[in-house]
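Overview (structure and organization)
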Amino acid sequence: MTITTKIRRQGGAAVVTIPPVMLQMLQTQVGDQLSLTIADGALVARPVERASRRYTLSELLKGTDEMQRLSAETAGALDGDAVGREIG
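Residues numbered from 1 in each chain as written. Predicted model: local features only at pLDDT ≥ 70, side-chain atom pairs only at ≥ 80, totals over all residues. Heavy atoms only, no water.

The number of helices and strands found in the chain is three helices and four strands. Helices (α) and strands (β) of the chain occur, in sequence order from the N terminus, as β-β-α-β-β-α-α. A compact globule built from 88 residues should have a C-alpha radius of gyration of about 12 Å, whereas the chain, at 26 Å, is more than 25% larger. Projected onto its principal axes, the C-alpha positions of the chain cover 70 × 40 × 25 Å. Among the 88 residues that make up the chain, the fraction classed as buried is 2%. In the chain, 2% of the contacts between residues at least 6 apart in sequence involve partners at least 24 apart. Counting every atom, the chain has about 8,600 Å² of accessible surface; 55% of that belongs to carbon and sulfur. A gap of 16 Å separates the mean positions of the 10 positive and 10 negative side-chain charges of the chain. (Helix = DSSP H or I, 4+ residues; strand = E, 2+ residues; numbered from the N terminus. Rg over C-alpha atoms; globule rule 2.2 N^0.38 Å. Buried < 20%, exposed > 50% of the residue type's maximum accessible area, 1.4 Å probe, protein only. Contact = heavy atoms within 4.5 Å. Areas by Shrake-Rupley, 256 points an atom, 1.4 Å probe, with all protein chains shown as cover. Lys, Arg positive; Asp, Glu negative; His and termini not counted. Charge placed at Lys NZ, Arg CZ, Asp CG, Glu CD.)

In structure tokens:
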């Protein structure tokens, strides 16, 4: 499939528009990264492999003890009488 597009300027960068059908063919979407290379005088764009990040349980739970402590410290501070036009 060949599609003609125009190089335009946006700020200090040169921008090329990729039609949605080509994004689908590349199995990419807006926000994905592409690797650009020059091969035999042609610009070649390839999707960058997305490394799926696997978190350990300790990474997921990091900071929960501190959050519990802060929640316990501030729990009573929010239990006061109305001081303005709050709906009670």
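On we go from here.
Applying the stated criterion to the full structure yields one salt bridge. One salt bridge connects Glu 66 with Arg 69, and the closest N-O pair in it is separated by 2.5 Å. Here Arg 69 and Glu 66 lie together in helix α3 (residues 64-74), a separation of three residues that amounts to about one turn. Judged by its relative accessible area of 38%, Arg 69 falls in the partly exposed class. (Salt bridge = Lys/Arg side-chain N within 4 Å of Asp/Glu carboxyl O.)

A few words on the pairing of strand β4 (residues 42-47). Within a regular strand, side chains alternate between the sheet's two faces. Here strand β3 (residues 34-39) runs beside β4; their pairing, made up of six bridges, is antiparallel. Opposite Thr 37, over in β4, you have Val 44 as the bridge partner. The loop that links β3 with its antiparallel partner β4 comprises two residues; one of these, Asp 40, has a positive phi angle of about 55 degrees. (Pairing = 2+ DSSP bridges.)

A few words on the environment of Val 16. By the secondary structure assignment, Val 16 is in strand β2 (residues 13-16). Distance in space between the C-alpha atoms of Val 16 and Lys 6 is 6.4 Å, their sequence separation being 10 residues. Residues in contact with Val 16, not counting those within four places in the same chain, are Thr 5, Lys 6 and Ile 7.

The next point concerns unusual backbone geometry. The phi torsion of most residues other than glycine is negative, and most of the peptide bonds are trans. The phi angle at Gln 27 is positive, at roughly 55 degrees, despite the residue not being glycine. Residue placement: Gln 27 occurs in the loop between α1 (20-26) and β3.

Turning our eyes to something else, we now look at a nonpolar patch on the surface. Residues Ile 18, Leu 26, Leu 34, Leu 36, Ile 38 and Leu 43 make up a contiguous nonpolar surface patch of roughly 550 Å² in combined accessible area. Sort the elements by how many residues they give to the nonpolar patch and β3 lands first, with three residues. Mapped onto the elements of the fold, Leu 43 is located in strand β4. When its relative accessible area of 60% is taken as the criterion, Leu 43 is described as exposed. (Patch = residues over 30% accessible without salt bridge, like charges linked within 9 Å, V, L, I, M, F, W, Y side chains within 5 Å.)

Any functional reading would require information that these geometric values do not contain.
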